[in-house]
Amino acid sequence: MKRHAFWGLVGLGILATPALAGEGDRVNAIKSRGELVCGTSTGTTIGLSTLDASGKWAGLEIDYCRAVAAAMFGDATKVKFAPLEFKNAFAALQSGSVDMLARAAAWTYSRDTEMKFDYAGVYMYDGQGFLVKKSLGVSKLAELGGASVCVSAGTTSELNLSDYFRSNGLEYTPIVANSREQNLANLEAGRCDAYTNERGGLAASRLGLGAPDDYVILEEIISKEPLGPIVQQDDPAFRDIASWTLFTLIAAEEKGITSANVAEMAASSENPEIQRMLGKTGDFGAKLGLANDWVVKVISSVGNYGEIFDRNLGNGSPVKLARGQNELWSNGGLLYAPPVR
């Protein structure tokens, strides 16, 4: 089911929210509306955000948005997904048409400063790679000199591609498209020799090709691509909710709290931090303007980070992507949540 950028905002009844200026204003606007509006991809990013023929959304980024809705409303269904082409996503956030973006946009200096956005954390550490047809006989990037490379317009991937080939003295021809779907169609049609994007996205995209086994992802990466939720800088209270929802998903995995046992842990755990997280002691929910058992609602709705990753991108999914840097810090990865204290 193909969706396009701004018609979706109108068709879904999403109108621009007036400019907000004070702490708590966006939180209040969301609560008054009765739902969170989350900007996503157009529904074809396997593992991150997909929309099936029945209208059901799935993916790691979708589950994150549901987690924020569960935190704010105690109900993970209180979220509306707005499908956006990448070229329109930032404008939608700036205009207030969406409350946040969760659509595979890397955290960069310019986006954080010039665009006046806040990243609420990182839900996936990735890096830019290259998908090539096996018949091309290429096993490393140095062999792509003179190649034509498919890439999405206006993305960090386009800039990284130029930087890498120029700094390594390699010639290439960019074949620029406006969407992942166009890039994959160009690759399959032979209009480019390689397609470059985040490796996680490439692993998922490869599954959508007519003959996925005919293609391979090269081992080398050329950039750091920390992906995370993006909000405007107009409401620190909303940014805190977005950040602590993500931290909670990570911390729950570290503490062994799952969707299956969260109710039992809330009732019987004697671990002081778990008691604080799950609302048994203290008023930590109130500090965010949320119910004290908000974490219970989040984890019971979507599970912890490990559960979300596994069913959408890991061994429980068709993608079978290794967690790598997206493991907990205690397992050699980069995922780390501040303490609840």
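Just above sits the structure.
Residues numbered from 1 in each chain as written. Predicted model: local features only at pLDDT ≥ 70, side-chain atom pairs only at ≥ 80, totals over all residues. Heavy atoms only, no water.

S.K.: Even after reading the chapter, I still don't get the packing of helix α3 (residues 60-73) against helix α9 (residues 236-254), so can you show me in this structure?
M.R.: For any two helices packed against each other, one specifies the crossing angle of their axes together with the interaxial distance. Taken N-terminus to C-terminus, the directions of α3 and α9 make an angle of 115 degrees; their axes are 10 Å apart at the nearest point. As the angle between them shows, α3 and α9 are arranged roughly perpendicular. Where α3 crosses over α9, the two elements pack in a sense that is right-handed. Contacts from Tyr64, Ala67, Val68, Ala71 and Met72 of α3 reach α9 at Phe238, Ile241, Ala242, Thr245, Leu246 and Leu249. Residue composition of the contact of α3 with α9, by class: ten nonpolar, one polar and no charged. (Axes fitted to C-alpha atoms, helices over the stretch in contact; angles between N-to-C directions. Helix = DSSP H or I, 4+ residues; strand = E, 2+ residues; numbered from the N terminus. Parallel < 35°, antiparallel > 145°, perpendicular 65-115°, else oblique. Left-handed = near helix turned anticlockwise from the far one by under 90°. Contact = heavy atoms within 4.5 Å. Nonpolar A, V, L, I, M, F, W, Y, C, P; charged D, E, K, R; others polar.)

S.K.: Any chance you could explain unusual backbone geometry here in plain terms?
M.R.: Trans is the prevailing form of peptide bonds, just as negative phi is the prevailing case for residues other than glycine. The phi dihedral of Ala104 is positive, around 50 degrees, even though this residue is not glycine. Since its relative accessible area comes to 13%, Ala104 is described here as buried. Positive phi values are uncommon outside glycine, yet Lys320 reaches one of about 60 degrees. Relative to the assigned elements, Lys320 resides in the segment after α13 (305-312). (Buried < 20%, exposed > 50% of the residue type's maximum accessible area, 1.4 Å probe, protein only.)

S.K.: Explanation requested: the pairing of strand β1 (residues 36-40) in the structure shown.
M.R.: Along a regular strand, successive side chains alternate from one face of the sheet to the other. Among the five residues of β1, five are classified as buried, and the element is accordingly described as predominantly covered. Neither face of β1 is exposed, since Leu36, Cys38 and Thr40 on one face and Val37 and Gly39 on the opposite face are all buried. Across five bridges, β1 lies against strand β5 (residues 79-83) in parallel orientation. By the bridge assignment, Leu36 is partnered in β5 with Val79. (Pairing = 2+ DSSP bridges.)

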